[in-house]
Amino acid sequence: MKAVKHKKILYLFLFIVLVSSIIVYMNLNADHTVKKNKKTSLNQQLNTPRSMPLGVGVSFHFTGNPSDIMMMKKAGIKIARTDLLWSKIEKNKGQYQYDGYDELTNGLIKSDIKPYYILNYSNRLYEKNFSIVTPKGQKAFINYVEDVTSRYKDKGVIWEIWNEPNILKYWDTRPNYKDYALLVEESSKVIKKNDPSGTVVAPALAGLNEESLSWLEEVIKRGLLKDIDAISVHPYRASSPETVIHDYSQLRKLLKKYNYSQLPVIAGEWGYPSNAQWYNIKLSRKQQAQYLVRTYLVNELQGIPISIWYDWKNDGENLLEPEHNYGIREYDVSNSKEAYTALRTMTKTLSGYVFTKRVNVGSSNDYVLEFSNKKNKKIIVYWTTNTNHYIKVSQKGKGKIIFMYGDYIGNFNLHKNPILEVTESPRYLIFE
């Protein structure tokens, strides 16, 4: 009987050990799942369709100006991108000054505008060239990142590591694949440690073409994609915004090649100047406004969750200098440009609406985009890259049509007349 009793005790002990082991394993596995899915959930957030105007942003070059921030808010801007210049913040070794940046950050957050901060550029205290290639410079840059991200943590900041490192203007030591990839790897560790609320993006790729994608592939080979939450590109071009569709396709093929097809792509900077000759185009202010709206909408069509227009205001008053004419407001920021009115009309009209589909009307040059909200109300935005003409739409319903600047054009009843005039200026078909 004692032998039987001992066997029962032994079996009970083994059963308890087995159950405990299973529980420990499941807990360890659960912890691993949480860690693994932390980045995945962020990517899913960026990949999930976002209602307008959550992804609408601008670049700017001021610090802490309340009037600018107020006008941004009125325009429906939700993201604002600017430099946190290392050389400006650390003028003396180991001493960090944030003149204007605290006021700016607080002003943006209070106005419900997400800060998009670029951690960038070299510092002559540590590097002789406009790049970071020495261990001393790399360590100093990481110390600067440590201080900045600790200061502005828990605010949902988008942190971008450098700006356009693929061109000589912003990184003059070549080749820079290894140095830049290492900088992203070390910086991202610090950012994610200090600010779990933040989003890490890179490399702010200048251009979206064969040359820039070749540079990008070299840094991808060195591990860039594993360290970021989204890839940022600057798809500037001397052609209409719609031509970006092919280039996004090429970029996504590259990401797929390295098993990162789900990594979000954001347009971190992109714009067109008015009046000044730029490459082979010269746009009027009306054309700049057309391109602005179409840039944002084509990005919606392409599933780009964040679109940053360059620039908030003109950087000068020389009408022949392109850099002085990218703004949606004048150099004297109290004066508006047509692009500002067009932006405000777009964000106000589409507020709360999510892009649902592109309607086929028989021509690839005609863009008819359908948006809907939680109440299942619909708005169609339509334009063409061709000359003015008429299109036939299959949707039914009635409502009103407004112009790119918000002017009322008239009512429509697609049951009785499905024909619409389409122009290079986007129009909004608002269903009742």
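Worth saying up front: this structure is predicted, and the values here are computed from it rather than measured.

**A few points about the confidence of the model for the protein**
Interpretation of the predicted coordinates at a detailed level should be avoided for regions scoring low in pLDDT. Across the protein, the average pLDDT comes to 91, with 90% of residues at 70 or higher. Low pLDDT (under 50) marks residues 1-7, which in the prediction has zero contacts with non-local residues, meaning those over four places away or in another chain. Within the model, pLDDT remains below 50 along residues 16-41, and this stretch shows six contacts once partners closer than five positions in the same chain are excluded.

**Description of helix H5 (residues 135-151)**
Between its first and last C-alpha, H5 extends 24 Å over 17 residues, near the 24 Å set by a 1.5 Å rise per residue. Turning to H5, its buried residues are Gly137, Gln138, Ala140, Phe141, Ile142, Tyr144, Val145, Val148 and Thr149. Against the buried residues of H5 lie strand S2 (79-85), helix H3 (86-89), strand S3 (114-120), strand S4 (158-161) and helix H6 (177-194).

**A closer look at the nonpolar core**
In terms of nonpolar packing, the biggest core is built from 104 residues, with Phe141, Leu216, Trp312 and Met346 touching the most fellow members. Listed in part, the 14 residues of the second largest apolar core include Val359, Ile380, Ile391 and Val393.

**Quick word on the pairing of strand S15 (residues 419-422)**
The side-chain alternation of S15 yields one buried face, formed by Leu420 and Val422, and one unburied face, formed by Ile419 and Glu421. In terms of strand pairing, strand S12 (residues 389-392) meets S15 through four bridges, oriented antiparallel. Note on S15: the bridge partner recorded for Tyr390 is Glu421.

**Details of the layout of surface pockets**
In this structure, the largest pocket spans a volume of roughly 870 Å³. Lining the largest pocket are 32 residues; nearest its centre among them are Glu164, Ile167, Tyr170, Ala206 and Tyr236. Broken down by secondary-structure element, the contributors of at least two residues to the lining of the largest pocket are S2 and helix H7 (210-221). Residues of the lining of the largest pocket, tallied by class, amount to 14 nonpolar, eight polar and ten charged.

**Some remarks on the sheet that holds strand S9 (residues 354-358)**
Strands sit in the order S9-S10-S11-S16-S13-S14 across an open sheet of six strands; the sheet is antiparallel. A strand with exactly one partner marks an edge of an open sheet, and here the two such strands are S9 and strand S14 (408-413). The mean angle between the axes of side-by-side strands here comes to 25°, regardless of whether they run parallel or antiparallel. Both strand S13 (residues 398-402) and S14 contribute to a ladder of five bridges, which runs antiparallel. Following the sheet pairing, Ile402 is matched in S14 by Tyr408.

**Considering the packing of aromatic side chains**
Per the counting criterion, the structure on display carries 30 aromatic pairs. Where Trp86 meets Tyr126, the ring centres are 5.6 Å apart and the plane angle is 10°; that geometry is what we call stacked. With Trp86 in helix H3 and Tyr126 in the loop between S3 and H5, this pair connects stretches of sequence that are 40 residues apart. Taking the centre distance of 5.3 Å and the plane angle of 85° together, the rings of Phe412 and Phe431 count as edge-to-face. Taken together, the residues span a long stretch of sequence, with Phe412 in strand S14 and Phe431 in strand S16 (residues 427-431) at a distance of 19 residues.

**Some remarks on the environment of Tyr236**
Tracing the backbone through its elements, the reader meets Tyr236 in the loop between strand S6 (230-234) and helix H8 (244-257). For Tyr236, the residues in contact, after removing those within four places along its chain, are Glu164, Glu269, Trp270, Gly271, Trp278, Tyr310 and Tyr326.

**Notes on the pattern of salt bridges**
Within this structure, the stated rule accounts for 17 salt bridges. Of the charged contacts in the structure, one is a salt bridge between Glu217 and Lys257, with a shortest N-O distance of 2.7 Å. Of this pair, Glu217 sits in helix H7 while Lys257 sits in helix H8, placing them 40 residues apart in sequence. On the accessibility criterion, Glu217 (17% relative accessible area) is buried. Overall, the relative accessible area of 54% leaves Lys257 in the exposed class. The closest approach of N and O atoms between Arg222 and Glu218, which form a salt bridge, is 3.0 Å. Here Glu218 falls in the partly exposed class, since its relative accessible area comes to 21%. Counted as one network, the salt bridges with shared partners bring together Glu185, Glu186, Lys189, Lys226 and Asp227.

**With respect to the environment of Glu421**
Its location among the elements puts Glu421 in strand S15. Owing to a relative accessible area of 29%, Glu421 belongs among the partly exposed residues under this scheme. Through-space distance from the C-alpha of Glu421 to that of His389 is 5.7 Å; in sequence the pair is 32 residues apart. Those residues in contact with Glu421 that lie beyond four places of it in its chain are Tyr382, Asn388, His389, Tyr390 and Arg427.

**Considering unusual backbone geometry**
In this chain, Met52 is followed by Pro53 through a cis amide linkage whose omega measures 0°. For the bond running from Ala202 to Pro203, omega is 0°, close enough to zero to count as cis. Within the secondary structure, Pro203 sits in strand S5 (residues 199-206). Here Tyr121, not a glycine, exhibits a phi torsion of approximately 75°, which is positive. By secondary structure assignment, the location of Tyr121 is in the loop between S3 and H5.

**A few points about a positive patch on the surface**
Taken together, the side chains of Lys74, Arg344, Lys348 and Lys400 present a region of like positive charge at the surface. Within the secondary structure layout, Lys348 lies in helix H10 (residues 338-350). With a relative accessible area of 72%, Lys348 lands in the exposed category.

**Looking at H8**
With 14 residues, H8 ought to run about 20 Å at 1.5 Å a step, and its terminal C-alpha atoms sit 20 Å apart, in line with that. The set of residues buried in H8 consists of Val244, Asp247, Tyr248, Leu251, Leu254 and Leu255. Relative to the axis of H8, the buried residues are bounded by an arc of 115° and lie together on one face. Turned more than 90 degrees from where H8 packs its buried face, His246, Lys253, Lys256 and Lys257 sit exposed. Contacts from the buried residues of H8 go to H7, S6, strand S7 (265-270) and helix H9 (285-301). Of the residues one or two after H8, Asn259 is the one with positive phi, at around 65°.

Procedures and definitions
Position labels on residues start from 1 in each chain and follow its written sequence. Residue-level local features of this predicted model are given only where pLDDT is at least 70; pairs of side-chain atoms are given and counted only at 80 or more, and the full residue set underlies all totals for whole chains, interfaces and linings. To get the side-chain values, take all heavy atoms of the structure and skip hydrogens and water. Note on scores: pLDDT gives the predictor's confidence for each residue, bounded by 0 and 100. Any two residues whose heavy atoms approach within 4.5 Å at even a single point are treated as in contact. For the purposes of this entry, the term helix denotes a DSSP run of H or I that reaches at least four residues, the term strand denotes a run of E that reaches at least two, and both are numbered from the N terminus. Each residue after the first adds 1.5 Å to the expected span of a helix. Whether a residue is buried, partly exposed or exposed follows from its accessible area with a 1.4 Å probe, protein chains only, as a fraction of its type maximum: under 20%, in between, or over 50%, in that order. Residues grouped as a nonpolar core are buried Ala, Val, Leu, Ile, Met, Phe, Trp, Tyr and Cys residues, joined through side-chain atoms within 4.5 Å. Each pair of strands is called paired provided DSSP finds at least two bridges between the two strands. Think of a 1 Å grid over just the protein atoms. A cavity is a set of points where a 1.4 Å probe fits yet cannot get out, a pocket is an open set with protein on both sides within 12 Å along at least five of seven lines, and lining residues have an atom within 4 Å of a point. Grid points are joined across faces, edges and corners, and a volume is the space filled by probe spheres set on the points. In this count, Pro and Cys sit with the nonpolar residues alongside Ala, Val, Leu, Ile, Met, Phe, Trp and Tyr, while Asp, Glu, Lys and Arg are called charged and the others, Gly among them, polar. Angles here are taken between N-to-C directions and fall from 0 to 180 degrees, while the axes themselves are lines fitted to C-alpha atoms, restricted in helices to the stretch in contact. Each aromatic pair joins two rings of Phe, Tyr and Trp (for Trp, the six-membered one) with centres within 6.5 Å, and gets the label stacked for planes under 30 degrees apart, edge-to-face for over 60, and tilted for any other angle. We define a salt bridge as a side-chain nitrogen of Lys or Arg found within 4 Å of a carboxyl oxygen belonging to Asp or Glu. Patch membership needs two things, relative accessible area over 30% and no salt bridge, and members are linked within 9 Å if like-charged or within 5 Å if nonpolar (Val, Leu, Ile, Met, Phe, Trp, Tyr). Each accessible area value is a Shrake-Rupley result obtained with a 1.4 Å probe; residue values ignore everything except the protein chains displayed when judging cover. All tallies of charge rest on Lys and Arg as positive and Asp and Glu as negative; His and the ends of each chain are not included. For charged residues, the charge sits on one atom: NZ in Lys, CZ in Arg, CG in Asp, CD in Glu. This arc corresponds to the set of directions leading from the helix axis out to the C-beta atoms.

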